Amino acid sequence: MRKRDGTFRDWDSPAGRFPTLSSDNEKTVVTLRRATWRDCWRLWRWRNHPSTRAMMRHTHRIGVWEHVRWFRAATRDADHRVMVAVAKETAVGSVRLESVSLAGLVDIDVIVAPRHRGAGHAAIMIACVVDLAGQCGARGCRAVIRLDNLPSRRAFTRAGFTTKDAVGDWVVMERAC
């Protein structure tokens, strides 16, 4: 539900449940759920994995207490939603949504758990996020991706995103909801 200033009052699906989507061959089914305190350490480990850090804007290792402060703030902030993607009852990644503009754009960040990369989860996670953002009143989603992160760029392209801009080492991709 959009507030007057363009931010979102509630990231929960109006239907009261979160999106579940599957791959074209129905072998991969991904469901989003809210991140809980039990996920805090898992998200910290995924974020600090060397291959994840290499593709982040801030490539330094995040300390545990810095992450706890961020997690607490992000899960309490009405303009953020931190979600965990689940496939076959296993957490396979995380997504973060943030309402960023009066134009109704939502920034999204996606991390696929290192041991689950290459299984086709990323594009499905992204499609789930776009579905959720659209249900909550967003007009579009945006991702800022490192230019050399080809797997991420392919996943966003498979999920219907197109490149809107390139600035230095970064590509901005967008999609309408």
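Computed from a predicted model, the values in this text were never measured in an experiment.

Caption draft 1: Layout of the packing of aromatic side chains. Per the stated rule, a full pass over the model turns up three aromatic pairs. An aromatic cluster of at least three residues, connected via ring pairs, comprises Trp-37, Trp-70 and Phe-71.

Caption draft 2: Molecular detail of helix H3 (residues 64-76). In a regular helix each residue adds 1.5 Å, so 13 residues correspond to 18 Å; H3 covers 18 Å between its end C-alpha atoms and thus fits that length. What H3 keeps buried is the set His-67, Val-68, Phe-71 and Ala-74. Taken end-on, H3 shows its buried residues confined to a sector of 140°, consistent with a single buried face. Of the residues in H3, the exposed ones pointing more than 90 degrees away from the buried face are Trp-65, Arg-69 and Arg-76. Against helix H1 (40-48) and strand E3 (80-87) lie the buried residues of H3.

Caption draft 3: Spatial organisation of the confidence of the model for the protein. In the predicted model, the protein carries a mean pLDDT of 83, and 82% of its residues have values of at least 70. In the model of the protein, strand E1 (residues 20-22) stands out as the element of lowest mean pLDDT, 51, in contrast to strand E8 (residues 170-176), which has the highest, 95. Segment residues 1-17: pLDDT under 50, and 54 contacts once partners within four positions in sequence are set aside and those in other chains are kept.

Caption draft 4: Region of the structure containing the pattern of salt bridges. Summed over the entire model, instances satisfying the criterion amount to five salt bridges. A salt bridge links Arg-96 to Glu-98, with the nearest nitrogen and oxygen atoms 2.9 Å apart. For Glu-98, a relative accessible area of 24% translates into the label partly exposed. Put simply, Arg-96 and Asp-109 hold a salt bridge, and the shortest N to O gap is 2.2 Å. With Arg-96 in strand E4 (residues 90-99) and Asp-109 in strand E5 (residues 105-112), this residue pair connects regions lying 13 residues apart in the sequence.

Caption draft 5: View of the packing of helix H4 (residues 121-135) against helix H5 (residues 150-158). The contact between H4 and H5 brings their axes to 8 Å, and the two run at 50°. It follows that H4 is oblique to H5 by the angle criterion. Handedness of the H4/H5 crossing: right-handed. Listed contacts from H5 to Ala-122, Ala-123 and Ile-126 of H4 are Ala-155, Phe-156 and Arg-158. For the contact of H4 with H5, the class distribution of residues is five nonpolar, no polar and one charged.

Caption draft 6: Representation of H5 within the structure. For H5, every residue scored as buried is listed here: Ser-152, Ala-155 and Phe-156. Take H5 and look down its axis: the buried residues cluster within an arc of 95°, on one side only. Exposed and oriented more than 90 degrees from the buried face of H5 are Pro-151 and Arg-158. Check the buried side of H5 and you find it contacts E5, H4, strand E6 (140-146) and E8. For H5, the N-terminal capping position is held by Asn-149, with its side-chain oxygen 3.2 Å away from the main-chain nitrogen of Ser-152. In the segment just after H5, Gly-160 is the residue with positive phi, at about 95°.

Parameters at a glance
Residues numbered from 1 in each chain as written. Predicted model: local features only at pLDDT ≥ 70, side-chain atom pairs only at ≥ 80, totals over all residues. Heavy atoms only, no water. Phe/Tyr/Trp six-rings, centres within 6.5 Å; stacked < 30°, edge-to-face > 60°. Helix = DSSP H or I, 4+ residues; strand = E, 2+ residues; numbered from the N terminus. Expected span 1.5 Å × (residues − 1). Buried < 20%, exposed > 50% of the residue type's maximum accessible area, 1.4 Å probe, protein only. Arc of directions from axis to C-beta. Contact = heavy atoms within 4.5 Å. pLDDT = per-residue confidence, 0-100. Salt bridge = Lys/Arg side-chain N within 4 Å of Asp/Glu carboxyl O. Axes fitted to C-alpha atoms, helices over the stretch in contact; angles between N-to-C directions. Parallel < 35°, antiparallel > 145°, perpendicular 65-115°, else oblique. Left-handed = near helix turned anticlockwise from the far one by under 90°. Nonpolar A, V, L, I, M, F, W, Y, C, P; charged D, E, K, R; others polar. Polar contact = N/O pair within 3.5 Å; in protein donor to acceptor, adjacent residues only side chain to side chain.

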